[in-house]
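Residue-level listing of the chains:
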Amino acid sequence: MISRLLVANRGEIAVRIIRACREMNIETVAVYSVADEKSLHVKLADKAVCIGPAPSSRSYLDKNALITVAIKTGCEAVHAGVGFLSENADFARKVQKAGLIWIGPSPEIIDLLGDKIQARATAQKNGLPVTPGTNGAVNDMEEAKLFAKNCGYPVIIKAASGGGGKGMRIVYKETELEENCKIASAEAEKNFSDSTIYIEKYLENPRHVELQILADGKGKVAILGERDCSVQKNHQKLIEESPSPSVTTEMRKKMYDGARNLFASLKYCGAGTIEFLVNKNDFYFMEVNARVQVEHPVSEFVSGVDIIREQILVCIGENMETDPEKVELKGWAIEARINARTPGTIKNLEIPSGPGIRFDSFLYNGYTVVPFYDSMLAKLIVHNVNRERAIKRLESALKELRIDGIQTNIDEQLKILNTKQFKSGNFGTSLYAELEKSGVLK
Ligand code: ADP
């Protein structure tokens with residue numbers, strides 16, 4: 001067991017990690033930017049150190065500053081949460097070089113999976129179907145045009161190192177391909193310092209389905225069910241649920257077997273997610289996120305497993321508590337992300353509670369939301385016996401949730417829940433755009 005851990009992140013995920021550590025008797029050291037001095041993770045950690053000014057490039061992304069704090073404060077391990085440096089192989093390597101434990105898979109695996117082209121090839125080797133796409137990077141325009149013509153428009157251009165829904169461009173006809181490849185490549189260089197792009201067939205209105213994996217690097221791979229994240233705005237997830245209303249027993253078996261093979265063959269250690277697109281009866285591998293994800297609480301609700309605790313345990317070399325053969329998934333869980341539309345000071349915060357209701361956040365009355373980081377303020381997650389009752393519970397909890405002082409998307413989430421499309425469970429990733437177009441989300 002370790003006694004002290006550095007939390008290299010902010011917001012709700014930093015709070016979540018601190019809470020898991022408290023239960024494990026691990027002391028936490030938080031880091032914060034000047035803008036986050038009053039943030040909840042700073043109050044909750046055993047110790048907190050300011051690492052720089054507001055821009056994340058000079059604070060939460062400053063690898064050397066983070067490692068210096070970890071060493072000076074006697075930490076033995078570093079947890080980077082989600083976003084920021086959580087999937088940065090160079091940071092993981094630096095952490096390990098400094099003699100600290102990296103809470104995540106090895107830098108080599110992060111490198112391999114972080115490159116979408118290599119990840120696709122690795123998934124294929126393990127028997128998983130991938131979306132039709134160029135087998136490697138696009139360098140030659142004639143080749144790209146030929147591929148797009150053969151697979152049929154629309155196609156989607158993606159950055160090999162992309163993430164967070166950034167760097168993707170959908171192209172509907174050949175005359176627009178070259179221009180869009182150039183733009184995508186320049187955007188990829190700017191955002192990810194890697195101009196490599198590739199092309200995939202663009203599936204119309206597929207479902208986004210992903211599996212929550214926990215693996216100990218020694219042969220144990222547990223799958224804590226799937227999550228359906230098809231409610232997205234501009235490719236960013238808004239509502240996630242587990243299980244998925246669209247996955248059949250037969251498809252589930254194929255997905256789970258393929259995922260198990262992939263993670264076992266990689267000797268993957270830690271928590272991870274494998275993402276698929278589902279098109280009617282077919283599914284295609286999309287990518288692996290080599291870290292914990294924002295939507296992990298829905299899997300925690302249905303499986304009863306504390307994913308952050310398990311992630312820390314396996315990465316520090318302790319035994320995984322979950323027996324992969326005995327994972328039991330119960331009921332239905334749904335998460336609604338609560339996002340800020342404006343900065344401002346929180347007033348009259350009223351948090352719903354009751355059976356099967358969880359609120360993961362860093363808000364408190366009097367806290368001023370700063371404009372420098374992600375707009376997500378909170379996650380409201382519910383659990384109930386089936387989908388219908390989970391929707392009812394989420395609706396009731398969203399109505400009870402009150403956050404004054406700033407504008408949020410609470411009303412919009414309620415509107416989505418109340419549509420017949422969402423209620424039917426039969427929808428794809430275009431749902432949000434369709435609702436916007438039809439005026440439901442005005
Ligand atoms: P990121 O890594 O930036 O999050 P992903 O590759 O995971 O990007 O894709 C994010 C979302 O973009 C998916 O959930 C889906 O909605 C959409 N998307 C990605 N690839 C395709 C595709 N080939 N066809 C249709 N939609 C896609």
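Turning our eyes to something else, we now look at the packing of aromatic side chains. Counted under the stated rule, the structure contains ten aromatic pairs. Plain terms: the ring middles of Phe 263 and Tyr 268 are 4.8 Å apart, the flat faces sit at 70° to each other, and that makes the pair edge-to-face. Each member of the pair, Phe 263 together with Tyr 268, is buried. Within the aromatic cluster, the residues linked to one another by ring pairs are Tyr 60, Phe 84, Phe 372 and Tyr 373.

By way of backbone hydrogen bonds, the strands of a sheet pair with one another, either parallel or antiparallel. Ordered by their spatial adjacency, three strands build an open sheet running β7-β6-β8, and the pairing between neighbours is antiparallel. Strands at the two margins of the open sheet, each flanked by one partner only, are β7 (169-171) and β8 (197-201). Direction aside, the axes of adjacent strands within the sheet are offset by 30° on average. Sheet topology note: the strand β6 (residues 155-159)/β8 ladder contains five bridges and is antiparallel. Considered in β8, the bridge of Val 155 is made with Lys 201. Helix α7 (residues 141-151) contacts β6 and β8 of the sheet and is inclined by roughly 15° relative to β8. Sheet strands touched by helix α8 (residues 177-192): β6, β7 and β8. Its angle to β6, the strand with the most contacts, is close to 25°.

Turning to the pairing of strand β2 (residues 27-33), a few remarks are in order. Burial of β2 is extensive: six of the seven residues sit out of reach of the surface. Sheet topology places strand β1 (residues 4-7) next to β2; four bridges connect them, and they run parallel. Bridge pairing in β2 places Val 7 opposite Ala 30. As judged from the five bridges shared by β2 and strand β3 (residues 47-52), these two strands associate in the parallel manner. Counted as the bridge partner of Val 29 is Lys 47 from β3.

Strand order in the open sheet formed by five strands is β3-β2-β1-β4-β5, and the pairing between neighbours is parallel. The open sheet has two free edges, formed respectively by β3 and β5 (101-102), since each of these has just one partner strand. Against the sheet, helix α3 (residues 63-72) engages β1, β2, β3 and β4 (77-79), with an angle of about 155° to β3.

Let us look at the domain arrangement of the protein chain. In terms of domains, the protein chain is made up of domain 1 (4-103), domain 2 (132-201) and domain 3 (207-438). On a C-alpha basis, the centres of domain 1 and domain 3 stand 23 Å from each other. Where domain 1 abuts domain 3, roughly 2400 Å² becomes buried across the two surfaces, and 62% of that area is made up of carbon and sulfur atoms. Area buried by domain 1 at its contact with domain 3 is led by Glu 12, Arg 16 and Met 24, which between them contribute 27% of it. If you look at where domain 1 meets domain 3, you find four salt bridges. Its salt-bridge partner being Arg 16, residue Glu 300 comes within 2.8 Å of it at the nearest N-O pair. One can count ten residue pairs in polar contact (both at pLDDT 80 or more) joining domain 1 with domain 3. Residue assignment for the side of domain 1 that touches domain 3 shows that the elements contributing at least two residues are α1 (11-23), α2 (40-44) and β5. The element contributing the most residues to the side of domain 1 that touches domain 3 is α1, with nine residues.

Here we come to the packing of helix α4 (residues 89-97) against helix α5 (residues 107-114). α5 packs onto α4 with a crossing angle of 180° between their chain directions and a minimal axis gap of 8 Å. Put simply, α4 runs roughly antiparallel to α5. Residue-level contacts link Ala 89, Ala 92, Arg 93 and Gln 96 of α4 to Pro 107, Glu 108, Ile 110 and Asp 111 of α5.

Together, Asp 140, Glu 142, Glu 143 and Glu 174 line one region of the surface with negative charge. When you line up the elements, Glu 174 lands in the loop between β7 and α8. Residue classification places Glu 174 among the partly exposed positions, given a relative accessible area of 36%.

Taken together, 21 residues sit near the ligand, with Lys 116, Gly 165, His 208, Gln 232 and Glu 287 positioned nearest. Gln 232 is positioned such that a nitrogen or oxygen atom in its side chain is 2.7 Å from an oxygen atom of the ligand. In this structure, Glu 275 approaches the ligand through a side-chain N or O atom, which is 3.0 Å from an oxygen atom. When the free accessible area of the ligand is taken as 560 Å², the share hidden by the protein chains comes to 96%. Partitioning the shell around the ligand into residue classes produces seven nonpolar, seven polar and seven charged. Both domains that furnish three or more residues to the shell around the ligand are identified here as domain 2 (132-201) and domain 3 (207-438).

With that settled, the discussion passes to the side chain of Asp 36. Topologically, Asp 36 is positioned in the loop between β2 and α2. Its relative accessible area of 0% is what places Asp 36 among the buried residues. Not counting residues up to four positions away in its chain, the partners in contact with Asp 36 are Arg 10, His 41, Val 42, Tyr 60, Tyr 367, Val 370 and Tyr 373.

Looking now at the environment of Ser 230. Within the fold, Ser 230 resides in strand β10 (residues 221-233). Here Ser 230 falls in the buried class, since its relative accessible area comes to 1%. Aside from chain neighbours lying at most four places away, what touches Ser 230 is Arg 207, His 208, Phe 427, Gly 428 and Thr 429.

What counts, and at which threshold
Numbers given for residues are sequential positions, taken from 1 along each chain in its written order. In keeping with the predicted nature of the model, local features appear solely for residues at pLDDT of at least 70, side-chain atom pairs appear and are counted solely at 80 or more, and the whole-chain, interface and lining totals rest on all residues. Computation of side-chain values covers all heavy atoms of the structure but excludes hydrogens and water. Pairing of aromatic side chains requires ring centres within 6.5 Å, counting the rings of Phe and Tyr and the six-membered ring of Trp. Pairs whose planes differ by under 30 degrees are stacked, by over 60 edge-to-face, and all others tilted. Classification of residues uses two cut-offs on accessible area relative to the type maximum, computed with a 1.4 Å probe and protein chains only: under 20% is buried, over 50% is exposed, and between them is partly exposed. In this scheme, strands are said to pair when DSSP sees at least two bridges between them. A run of DSSP states H or I qualifies as a helix once it reaches four residues; a run of E qualifies as a strand once it reaches two. Both are numbered from the N-terminal end. For every element, the axis is a line fit to its C-alpha atoms; helices are fit only across the contacting stretch, and the angle between N-to-C directions ranges from 0 to 180 degrees. Between two residues, a contact is recorded if the distance between any of their heavy atoms is within 4.5 Å. Boundary definitions for the domains trace back to an automatic or database domain assignment. When two components associate, each loses some accessible surface as probed by a 1.4 Å sphere; the sum of these losses over both components is called the buried area. Here a salt bridge means any side-chain nitrogen of Lys or Arg lying within 4 Å of a carboxyl oxygen belonging to Asp or Glu. Polar contacts, as counted here, are pairs of nitrogen or oxygen atoms within 3.5 Å of one another; within protein the pair requires one atom able to donate a hydrogen and one able to accept it, and residues that are adjacent in sequence qualify only if both atoms are side-chain atoms. Angle categories are assigned with fixed cut-offs, so that under 35 degrees is roughly parallel, over 145 is roughly antiparallel, 65 to 115 is roughly perpendicular, and the rest are oblique. Residues enter patches when they are more than 30% accessible in relative terms and free of salt bridges; like-charged ones are connected within 9 Å and nonpolar ones (Val, Leu, Ile, Met, Phe, Trp, Tyr) within 5 Å. Throughout, the Shrake-Rupley method with a 1.4 Å probe supplies accessible areas, and for residues the shown protein chains are the sole cover considered. Under the counting rule used here, the positive set is Lys and Arg, the negative set is Asp and Glu, and His together with the chain ends is not counted. Charge placement uses NZ in Lys and CZ in Arg. For Asp and Glu, CG and CD serve respectively. Distances are taken per atom, and a residue is near a molecule or strand as soon as one of its heavy atoms is within 4 Å of it. Side-chain classes follow a simple rule in which Ala, Val, Leu, Ile, Met, Phe, Trp, Tyr, Cys and Pro form the nonpolar group, Asp, Glu, Lys and Arg form the charged group, and the remainder, Gly included, forms the polar group.

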